[in-house]
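Chains, contacts and geometry: an overview
Now for the letters of each chain:
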Amino acid sequence: MNKIFYVMIMLFLIPSLKCPADKSSSKAKTETPETLMAYVDGPRYSEDLSVIATDRTLKSPGHKMVQELCARRLAELGFKVELDSYGTGINVIGRIDGAGNSGESVILSAHYDSRNAGCPGADDNASGVAGALEAARVLVKARYNRTLIIALWDEEEKGLKSPRGLHGSRAFAARSRREGSNIVLSMVFEMIGYRSSEPGSQRFPAGMKAIFPLEMKKIAENRNRGDFICLTVNEDAKRYADIYTGFADITGLPVVTLKISRNIINNHEFRRSDHAAFWEQGYSAMMIGDTINYRNTSYHCNNGKVDDISRLDTDFARDTIKAAVAAMARILEIRL
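Described in the following lines is the structure provided in the data block. These figures come from a predicted structure and were not determined experimentally.

Each value, and the rule that gives it
- Residues numbered from 1 in each chain as written.
- Predicted model: local features only at pLDDT ≥ 70, side-chain atom pairs only at ≥ 80, totals over all residues.
- Heavy atoms only, no water.
- Disulfide = S-S within 2.5 Å.
- Helix = DSSP H or I, 4+ residues; strand = E, 2+ residues; numbered from the N terminus.
- Buried < 20%, exposed > 50% of the residue type's maximum accessible area, 1.4 Å probe, protein only.
- Phe/Tyr/Trp six-rings, centres within 6.5 Å; stacked < 30°, edge-to-face > 60°.
- Lys NZ or Arg CZ within 6 Å of the ring centre and 35° of its normal.
- Axes fitted to C-alpha atoms, helices over the stretch in contact; angles between N-to-C directions.
- Parallel < 35°, antiparallel > 145°, perpendicular 65-115°, else oblique.
- Left-handed = near helix turned anticlockwise from the far one by under 90°.
- Contact = heavy atoms within 4.5 Å.
- Nonpolar A, V, L, I, M, F, W, Y, C, P; charged D, E, K, R; others polar.
- 1 Å grid on protein atoms, 1.4 Å probe; cavity = no way out; pocket = protein on both sides within 12 Å on 5 of 7 lines; lining within 4 Å.
- Points joined across faces, edges and corners; volume = space filled by probe spheres on them.
- Core = buried A, V, L, I, M, F, W, Y, C linked by side-chain atoms within 4.5 Å.

Glancing now at the state of the cysteines. Counted according to the given criterion, the structure contains one disulfide. Bridging cysteine 119 to cysteine 301, the disulfide has an S-S length of 2.1 Å. Here the S-S torsion is close to 80 degrees, and the disulfide linking cysteine 119 with cysteine 301 is therefore right-handed. Here the residue cysteine 119 occupies a position in the loop between strand E3 (104-111) and helix H6 (122-139), and cysteine 301 occupies one in the loop between strand E8 (285-289) and helix H13 (314-331), the gap between them amounting to 182 residues. Owing to a relative accessible area of 6%, cysteine 119 belongs among the buried residues under this scheme.

In structure tokens form, the structure reads like this:
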């Protein structure tokens with residue numbers, strides 16, 4: 001009896017003896033959009049970027065290698081993976097069904113092909129592919145009401161040569177419309193790695209002042225520095241751009257949003273990536289990017305410069321991914 005009494009006293013006086021029960025409860029941590037941001041790992045992103053930044057022109061060894069890398073990585077993370085063959089190319093589609101409104105989906109994507117043989121395509125678009133994979137790794141840490149889709153599109157570069165031609169995202173968007181899929185938002189990473197604090201490093205096509213006077217004034221007041229991430233959204237996606245910007249503010253990432261009205265949505269300058277395929281089908285879509293060749297002078301390895309990882313700012317890309325992860329979690333209706 002004395003021994004039993006002693007043990008009871010010790011359990012009462014020494015909380016540490018109760019730790020096993022406490023440990024089991026601590027495993028049930030509830031994630032929020034803000035806590036997910038903290039999981040985005042810059043070094044891990046840079047490691048993927050160094051592998052993906054290689055010639056990925058169609059039918060090249062690098063193209064096939066990255067396709068297989070994406071499929072393998074998504075499968076390892078627990079996604080249901082589909083190699084979506086649409087005739088001339090293959091999209092890699094990863095899906096995790098929502099726990100509530102599974103019929104509604106939110107897509108985060110990037111194109112994995114590159115344009116010119118021998119060009120590493122580090123910014124265009126290894127930066128986006130590595131970003132999508134890192135976002136996928138983080139997003140699986142929580143559960144959502146809506147269905148999460150991570151997509152890596154094929155033939156974006158080929159498709160851009162013929163604006164109405166078939167390429168990966170256009171094939172998927174058209175199929176989704178035929179099947180009656182409810183895509184809440186398609187979020188596209190298109191070149192997220194190049195930042196410059198040099199005055200005059202940011203340029204825009206002619207006529208932008210007339211269309212976006214406030215946005216162009218903001219950039220001019222910063223001496224036209226290319227140090228911000230640009231969101232290009234159709235009218236239906238405006239509210240999602242605001243969600244992204246709110247989370248970007250937490251990281252200190254400057255954001256400029258170009259809200260494309262219906263009367264200018266067919267302007268080629270605003271359609272230069274996979275988001276346009278979803279606009280065509282009446283879906284909300286947003287391109288997240290560093291403004292393509294209007295900032296990065298090594299675009300497509302032009303101007304005698306190589307689009308390699310030495311020119312990229314991975315901290316800038318990391319913060320871009322952080323804001324995207326948090327925005328995705330909010331739009332996916334994270335289960336708290």
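Next up on the list: the packing of aromatic side chains. Per the counting criterion, the structure on display carries four aromatic pairs. When the centroid spacing of 5.3 Å and the interplanar angle of 50 degrees are considered together, the rings of tryptophan 153 and phenylalanine 172 count as tilted. Of this pair, tryptophan 153 sits in strand E4 (residues 147-153) while phenylalanine 172 sits in helix H8 (residues 168-178); the two residues are 19 residues apart in sequence, bridging distant segments of the chain. An identical accessibility class is assigned to tryptophan 153 and phenylalanine 172; each is buried. Pairing phenylalanine 212 with phenylalanine 270 gives two aromatic rings, centres 6.0 Å apart and planes at 85 degrees, and the pair type is edge-to-face. Here phenylalanine 212 is found in the loop between helix H9 (208-211) and helix H10 (213-221), whereas its partner phenylalanine 270 is found in the loop between strand E7 (255-260) and helix H12 (275-280), with 58 residues between them in sequence. An aromatic cluster is defined as three or more aromatic residues linked by ring pairs; in this entry it consists of Trp153, Phe172, Phe278 and Tyr283. The lysine or arginine in question, arginine 177, covers the ring of tyrosine 283, its NZ or CZ lying 4.1 Å from the ring centre.

At a closest axis distance of 10 Å, the pairing of H6 and H13 adopts a crossing angle of 45 degrees. Judged by the angle between their axes, H6 and H13 are oblique. Taken as a pair, H6 and H13 cross one another with a handedness that is right-handed. Between H6 and H13, the residues in contact are Gly131, Glu134, Ala135, Val138 and Leu139 and Ile321, Val325, Met328 and Ala329, respectively. The residue makeup of the contact of H6 with H13, split by class, is seven nonpolar, one polar and one charged.

What follows concerns the packing of helix H4 (residues 42-52) against H13. Across the interface, H4 lies against H13 with an axial gap of 10 Å and an inter-helix angle of 110 degrees. Taken together, H4 and H13 sit at an angle that is classed as roughly perpendicular. By crossing handedness, the relation of H4 to H13 is classed as right-handed. Taken together, the residues of H13 that come into contact with H4 (itself represented by Gly42, Tyr45, Ser46 and Leu49) are Thr314, Ala317, Arg318 and Ile321.

For the coordinates displayed, the defined rule picks out two cavities of 30 Å³ or more. Volume-wise, the largest cavity comes out at about 190 Å³. What lines the largest cavity is a set of 16 residues, among which Thr232, Leu258, Glu269, Met287 and Thr291 lie closest to the centre. Elements with a contribution of two residues or more to the lining of the largest cavity: strand E6 (229-234) and E8. Split into classes, the residues belonging to the lining of the largest cavity amount to nine nonpolar, three polar and four charged. A volume near 40 Å³ is recorded for the second largest cavity. Around the second largest cavity sit ten residues that line it, and Glu156, Glu190, Arg272, Ile292 and Tyr299 are the ones nearest its centre. By residue number, the principal contributor to the lining of the second largest cavity is helix H7 (residues 156-161), which donates three residues. Split into classes, the residues belonging to the lining of the second largest cavity amount to four nonpolar, one polar and five charged.

Formed by 66 residues in total, the largest nonpolar core has its most connected members in Ile150, Leu152, Met187 and Tyr244. Considering each element in turn, this core owes the most residues, eleven residues, to H13. Those residues in contact with isoleucine 150 that sit more than four places away from it in its chain are Leu74, Phe79, Val92, Ile93, Gly94, Leu108, Ala132 and Ala136.

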